[in-house]
Amino acid sequence: MTIFQQIGKDKFHLTGFIFMFLSLIVFWMLLTVPALQNDSGLFIINYLLAVSFFFIVLFSGRLKKGRDGLHLFVQFLVLFLISAYSLNREMVAFESSVTWLSCLLVLVCINYLAFAFWKQAPVWLLYIMHALLGIGFILFLYLACYLLPLYAVSGVAAFALGISLHTFVPLLFCIYTIVILRKTSAGQKLYQACFFAGIAATVMVTTAFVVRWSHVVHRLNTSYNRGIAEDNDGLPAFVGVAAAVPHGWVAEKVLQSGLVYNVPKGEWGDFLWQMPTRNFGEERKHDPLVMTAALFAGTPTLLDDERIKILEAVYDSRHKAQQRLWSGKHLATDNIHTAVRVWPQLHMAYTEKLITVTNNTQGSSRNNEEEAIYTFHLPEGSVVSALSLWIKGMEEKGIVTTKEKADSAYNTIVGYERRDPSVVHWQEGNTVSVRVFPVAAGKSRVFKLGITSPLKKQGDSLVYENIYFDGPGADEAEEEIKMDFATRPTKLYTEASLQPGNNLSFRHTGNYDPAWKIQFKDEGLASDVFSFQGVSYSLAPYTPHETAVDIQAAYLDINSSWTKAEFEKVFDAVRFKTVYVYDHELIRLTETNKEALFESLSQLQFSIFPLYAIHDAPGAVLISKSSSVSPNLHDLDNSAFMEETKNYLRKNTRIKLFNIGAELSPYLKSLKEFRAFDYEQGTAEQLKQRMAHNQFAASIEDDHTVVIDNAGLVIKAAKQTLSSTAPDHLMRLFTYNHLMQNAGARLFTDTLFNAGLTEEAARAGIVTPVSSLVVLETQQDYDRFNIKQSINSLKNATLRSKGAVPEPHEWVLIFIAVGVVLFVKYPAVRTKFRWS
């Protein structure tokens, strides 16, 4: 008899499977259908299916001894387990299960149901089934212990509809696991051995995880205590911990314990387990491995804020750690419309991202309004030049103002008045944050962000990199890409499925893909200019300006990004110089100690090299390689390290930085953007040539010249008015880099925020460290916060941006020309003129 024939022959067995199918459909709908996710009481459908099946079987007499009712009771337990997790959505005992736990629960439940057919199963399959039975026993034993503090309350409350009996489902699974084992393994010791092997494997895996957890916690606590007890080079204590923490998924879970993962309390209270108390911008999770490890090995002694800073620095969690005024739990990104205009002959592009974000909760309560927060990752040298928010169906464009005014307006309106603002702020590391409020329940909001970017130069090619974001989930989002070129690209290569459109355009529609780029040949720079208010902006190709230098000392900034081979090549390139590394103090590198020092320093996840330790900066070079991991400058604010760094850079001392890697850490990237370095990037062989010929690239920037080295661009400003042939993005790029050049000097003297820099940013209509773009609902809101649109300035950038707003004398010429045309072409105008 086949399994299907056996099920069909037993009507109660068939009923159980039908009820499970219906219960799973209901549970799936509760999880995935937005209209049902916020409704209370729908779990009762799962509950009624479980209870109904129990009483059907009970009254049939099949649960009596000798009536073969064990497999029917197992079906009831599975139904009751589904009902328990359905109830858990409204009365939370467990946070959301991690993926492996959800998969394991499904697997062991299938295994329990399969034991109804154990007599027909081959021996090899029974071995596997009994091993899974052992794993299931440990899993449900854990869940039963987790719910132990609720047993007394649940037992008393069981008389009220029996809903509290859900608490005992894991315990019942444990009991009936033993019943199944006794029935199926009678006289079969190998089956029992497989069962205990499953238990042993589970215990071994858990023990290994606990041991690894204990090691990480010990290392974190040791590094933290050392950082507090010692000077730690004037850095905050968390920096030393972040650099020393072993990178990996276990360490990340340790740092997230109590923030994302619920962990045991130190004492018995209302519940045995402690729920996370700090909103980290990530869904709360329940992981039995984390719970068990935290119970036996403890958690780090670091404060929550310090752990968040470590997660920001090491695990790219800055977006998750952003402070928010309102929840964004139920938000999702529904649609992205990407429109790009590329000027290959100018090495620049303008991108507009039109984003639709939806609140998947239902109901009209204002308590269901949520705040959307996005972090956009921009190519190096890019600047935000437009922001729009759709209010009552109309596009409202942003106004550039000071960061303080934008913050004040947004926080007041969102925090207390709960109306319609949006704001975009500059952030370190080539990122910006965008906030939109409110996104009402069941509704969508639309906003648009415009970014002016230089094209990355790679050899004889130019590369456009997609601007991606962190924010409300975009897994199911659709994206439409429209890319237009000002001139026809050649030797084009793209990672996106862009299809040629008419003439100079490309199109794509499909699922959102954050990581794509398009590459084409660099045909050289055009001599186009852009003029505005008596100043003309022009382009020139950039080649490093090599000057003669007398390098006497080399400082190696070593961390885990370095390979042993790279270290040997770099040491060989500078062996005739005085070579230093920094390990809480400057240490001269020699043939004798270099192996031990490299072994020690290469264990660090990142390095924060103290620039003030470099003596005689004109005769020194800092050689670095790093990854995207490190604190940024803002994380080091108010530390003795940062104050000493500012004092050093306050003397306008530019450090020669040679980067042998493909990228810079956030720490070095920010310092580079603030013009702290004379910068070169290359290989160890190129470094050796520079040292042999005593040459290094010197800065050619001044008050009228900026360099965008990654784009191979020099932009110059001259006091003259020429006919504009380039888009206004040329002025925006110049202004951003010119402002960063000036802001660097002010940052190091603690005078970053001044009216002159803000006016310069407003004139170009861009977001910078001192300026933000804000959209408010009414003109009265702008007046209340004294936010005004600058009159003599560029407005929000557009895809059609081709030239300057005419100068006053140009307007006069335009009016005269129009008048002449009218006078010549229309007789009525001449007659009226003669009559008057």
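A brief report on the enclosed structure follows. For clarity, every value in this text was computed on a predicted model and none was experimentally measured.

About the cut-offs
- Residues numbered from 1 in each chain as written.
- Predicted model: local features only at pLDDT ≥ 70, side-chain atom pairs only at ≥ 80, totals over all residues.
- Heavy atoms only, no water.
- Pairing = 2+ DSSP bridges.
- Helix = DSSP H or I, 4+ residues; strand = E, 2+ residues; numbered from the N terminus.
- Contact = heavy atoms within 4.5 Å.
- Buried < 20%, exposed > 50% of the residue type's maximum accessible area, 1.4 Å probe, protein only.
- Expected span 1.5 Å × (residues − 1).
- Arc of directions from axis to C-beta.

**Let's talk about the sheet that holds strand β13 (residues 444-454)**
Reading across from one edge, β9-β8-β13-β6-β5-β17-β20-β19 is the order of the eight strands in this open sheet, with mixed pairing throughout. Each end of this open sheet is capped by a strand with a single partner; those strands are β9 (394-397) and β19 (499-500). When strand β8 (residues 383-391) meets β13, the two strands line up antiparallel, connected through six bridges. Paired with V384 across the strands is I451, a residue of β13.

**Let's talk about the environment of I199**
Within the secondary structure, I199 is located in helix α10 (residues 189-229). The residues contacting I199, other than those within four sequence positions of it, are G134, I135, F137 and I138.

**Some remarks on the pairing of strand β32 (residues 705-708)**
Here β32 shows no split at all, with T705 and V707 on one side and V706 and I708 on the other all buried. Two strands pair when backbone bridges link them, and β32 and strand β33 (residues 713-718) are joined in this way by four bridges, in the antiparallel orientation. Counterpart to V707 in the pairing with β33 is V714. In this antiparallel pair of consecutive strands, β32 and β33, the connection spans four residues, and G712 shows a positive phi of 65°.

**A few points about helix α4 (residues 43-60)**
Between its first and last C-alpha atoms α4 spans 26 Å; for 18 residues at 1.5 Å apiece the expected length is 26 Å, and the two agree. All of the buried residues along α4 are F43, N46, Y47, L49, A50, F53 and V57. All buried residues of α4 fall inside an arc of 160° around its axis, so they share one side. Of the surrounding elements, those touching the buried residues of α4 are α2 (11-32) and α5 (70-88).

**Notes on helix α22 (residues 755-764)**
In an α-helix there are 3.6 residues to a turn, and that puts residues three or four apart on one side. For α22, every residue scored as buried is listed here: L757, T758, E760, A761, A762 and A764. With its phi angle positive at about 65°, G765 sits one or two positions after the end of α22.

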